[in-house]
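As a plain string of letters, each chain reads:
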Amino acid sequence: MIENTDYTEALQPKVKGRFAPSPTGRMHLGNVFSALLSWLSAKSQGGTWLLRIEDIDPQRSHREYAELIMDDLHWLGFDWDEGPYWQSERGAIYERYLQQLRERGLTYPCYCTRADIMATQAPHESDGRVVYKGTCRNLPPGLHAGLAAIRMRVPDEGEGLVTFSDGHYGTHTVDLTTQCGDFIVRRKDGAWAYQLAVVVDDALMGINEVVRGRDLLLSSPQQIYLARQLGFAPPRFVHLPLLCNSAGQRLSKRDRSMDMESLRAHYSRQEIIGKLAHAAGLQPDDSPVEAKDLVGDFAWNRVPTADLQV
Ligand code: GLU
C-alpha cells in the first residue's frame, strides 16, 4: 500500500475551534478552563480560534459582562483569530433557517406553560431534563391563539437514535424520542433558543471542533440532529471534565471567589493557568505558566475524564 502523508494532510481541513460564552455574569474558573482547553486544542493542531458572544437571552445577557469577558480573555493570553460575533445581531439568519425547518413540517407551535409540562412528567424520568410529551404536536392549525414557542420535532419512536463519538468521552448513543423529546428552537417571548443558534452559527462560521464542559454533552445529539436536518456537517465534539471544589461539588457561578474579578485580585494569570494545567494533567505541578507555553506538549490523552478538583 502506498501512503502519501502529504496528500492526506492536505485533505485534512484546518481545525477551527471556538469559545462561546454567555455574557450572563463574570467568567469563572470553569469558563476559563473551557477557554484554555479549546484554545490549546485548536492552537496545538495549527488551527484557529473564534470568539462568539452568546447573548441571545435578552433578559440575562449584559453588554458589560461581554466586555469584561473579552478583557479577561486578553488578560489570560487567549487571543482570538476571528470575531467577536454577537448572537443578538444574527436574528435574521436564525429566522431563515427556522423557516426552512418550518416549511418541511419539522416544527410546530407549542402553547404549553411550564406548569402544563411539569404536570405531564412521569416521576423518575430525569437526569434533570424534561422530556416533552408532545402535547401540542398534532394540534389542528388555528385552534389556539396567543403566544407560542416553536418546537423541533424529533423522529418517531424507534427512529430517533443518534450515535456520536465524543473526542474525549467516546461513543454515545442517545434516543432523541425518549431521552430528549421535541425541543424548543424559539421561545414564547420570541428569543432564539440556544440549540438553534449554536447549530446555525457553528456551521456558518466553519467551526469543526467544539470543546466545552461535559454538562453540554447531552445537547450534542440534538445539535447533530438539527445540523443534519439543515444540511450541515456536525462538528467534532470534545467534552471536558467539570471542575469541583475540595468537597467534590461542582464549582458554581454563585461562588464569587472563583470568578475572574476575585481571581485577578489574588493571582497572576500564570498562576491561574498553572493551576488549571496541573488539574488537567498538562504539567506535573501547579507552577505558574503561560498558556502559550502549553501548546507544544498538549495532547488530549493527558487530560483525565473524571471531574477535577481545584
Ligand atoms: N454559551 C454556552 C455557555 O456559556 C456555551 C455553548 C457551547 O459551548 O456550545 O454555557
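Once a new chain begins, its residue numbering starts again from 1 and follows that chain's sequence as written. Owing to the predicted nature of the model, reporting of local features is limited to residues with pLDDT of at least 70; listing and counting of side-chain atom pairs is limited to 80 or more, with chain, interface and lining totals taken over all residues. The side-chain numbers reported here are obtained from all heavy atoms of the structure, hydrogens and water having been left aside.

Caption draft 1: Broad picture of helix α3 (residues 63-76). The way it works is that DSSP assigns letters per residue, a run of H or I at least four long becomes a helix, a run of E at least two long becomes a strand, and they are numbered from the N terminus. Expected helix span is computed as 1.5 Å times (number of residues minus one). Between its first and last C-alpha, α3 extends 20 Å over 14 residues, near the 20 Å set by a 1.5 Å rise per residue. Residues Ala-66, Ile-69, Met-70, Asp-72, Leu-73 and Leu-76 constitute the buried set of α3. What you see down the axis of α3 is that its buried residues fit within an arc of 160°, all on one side. On its buried face, α3 is in contact with β1 (16-19), α2 (29-44), β2 (48-53), β3 (82-86), α9 (260-266) and α10 (269-279). A positive phi of about 95° marks Gly-77, the residue just after α3. We call a residue buried when its accessible area falls under 20% of the maximum for its residue type, exposed when it is over 50%, and partly exposed in between, using a 1.4 Å probe and counting protein chains only. This arc is built from the directions going out from the helix axis to the C-beta atoms. Residue contacts are defined here by distance: any two heavy atoms, one from each residue, within 4.5 Å place the two residues in contact.

Caption draft 2: Seen up close, the nonpolar core. Counting 46 residues, the largest nonpolar core has Leu-36, Leu-37, Trp-49, Leu-73 and Phe-78 as its most contacted members. Counting residues per element, the ones that place at least two in this core are α2, β2, α3, β10 (236-240), α9 and α10. Counting residues per element, this core draws most heavily on α2, which supplies 9 residues. Filtering out sequence-adjacent residues up to four positions away, Leu-73 remains in contact with Phe-19, Met-27, Ala-35, Trp-49, Leu-51, Phe-78 and Trp-80. Here the nonpolar core consists of buried residues drawn from Ala, Val, Leu, Ile, Met, Phe, Trp, Tyr and Cys, with membership extended through side-chain atoms lying within 4.5 Å.

Caption draft 3: Representation of the sheet that holds β3 within the structure. Strands were regarded as paired on the criterion that DSSP finds at least two bridges between them. Within the open sheet, the 3 strands sit side by side as β1-β2-β3. Their pairing is parallel. Two strands in the sheet have a free side with no partner beyond their single neighbour: β1 and β3. Sheet twist, expressed as the average angle between the axes of neighbouring strands with direction ignored, equals 25°. Note: β1 against β2, 4 bridges, orientation parallel. In the strand pairing of β2, Lys-16 is matched with Thr-48. Here an angle of 0 to 180 degrees is reported between the N-to-C directions of two axes, which are lines fitted to C-alpha atoms, with helices fitted over the stretch in contact. The sheet strands contacting α2 are β1 and β2, and the helix crosses β2 at an angle near 145°.

Caption draft 4: Examining the site of the ligand more closely. Summary of the distance rule: residues count as near a molecule or strand when at least one heavy atom falls within 4 Å of that molecule or strand. Near the ligand, the surroundings consist of Arg-18, Ala-20, Pro-21, Ser-22, Glu-54, Tyr-194, Val-198, Arg-212 and Leu-216. Under this definition, polar contacts are N or O atom pairs within 3.5 Å; protein pairs additionally need one hydrogen-donor-capable and one acceptor-capable atom, and for neighbouring residues in sequence, both atoms have to be side-chain atoms. Between the ligand and Ser-22, the relevant distance is 2.9 Å, taken from a nitrogen atom to a side-chain nitrogen or oxygen of the residue. At 2.6 Å from a nitrogen atom of the ligand is found a side-chain nitrogen or oxygen belonging to Glu-54. Here the ligand, which alone exposes 300 Å², has 76% of that area covered by the protein. Charged means Asp, Glu, Lys or Arg here, nonpolar means Ala, Val, Leu, Ile, Met, Phe, Trp, Tyr, Cys or Pro, and polar covers whatever is left, Gly included. Residue composition of the shell around the ligand, by class: 5 nonpolar, 1 polar and 3 charged. Per-residue and other accessible areas follow the Shrake-Rupley method at a 1.4 Å probe size, with only the shown protein chains counted as cover for residues.

Caption draft 5: Focus on the packing of aromatic side chains. Two aromatic rings, drawn from Phe, Tyr or Trp (for Trp, its six-membered ring), form a pair once their centres lie within 6.5 Å of each other, and the interplanar angle then sorts them: stacked below 30 degrees, edge-to-face above 60, tilted otherwise. For the coordinates displayed, the defined rule picks out 7 aromatic pairs. On the numbers, 6.2 Å between centres and 70° between planes, the contact of Trp-49 with Phe-78 is edge-to-face. Taken together, the residues span a long stretch of sequence, with Trp-49 in strand β2 and Phe-78 in the loop between α3 and β3 at a distance of 29 residues. Each member of the pair Trp-49 and Phe-78 is classed as buried. An aromatic cluster is present here, built from Phe-19, Trp-39, Trp-49 and Phe-78 joined pairwise through their rings. Over the aromatic face of Trp-86 sits the side chain of Arg-63, whose NZ or CZ is 4.0 Å from the ring centroid. For a lysine, the NZ atom is tested; for an arginine, the CZ atom; a charge sits over a ring if that atom is within 6 Å of the ring centre and within 35 degrees of the ring normal. Directly above the aromatic system of Trp-192 lies the positively charged group of Arg-186, at a separation of 3.9 Å from the ring centroid.

Caption draft 6: Spotlight on the side chain of Arg-137. Structurally, Arg-137 is set in the loop between α5 (114-119) and β5 (149-152). For Arg-137, a relative accessible area of 19% gives the class buried. Polar side-chain contacts of Arg-137 include one of 2.7 Å to the backbone oxygen of Val-154. Sequence-distant contacts of Arg-137, that is, excluding residues within four places in its chain, are made with Tyr-108, Arg-153, Val-154, Asp-156 and Asp-182.

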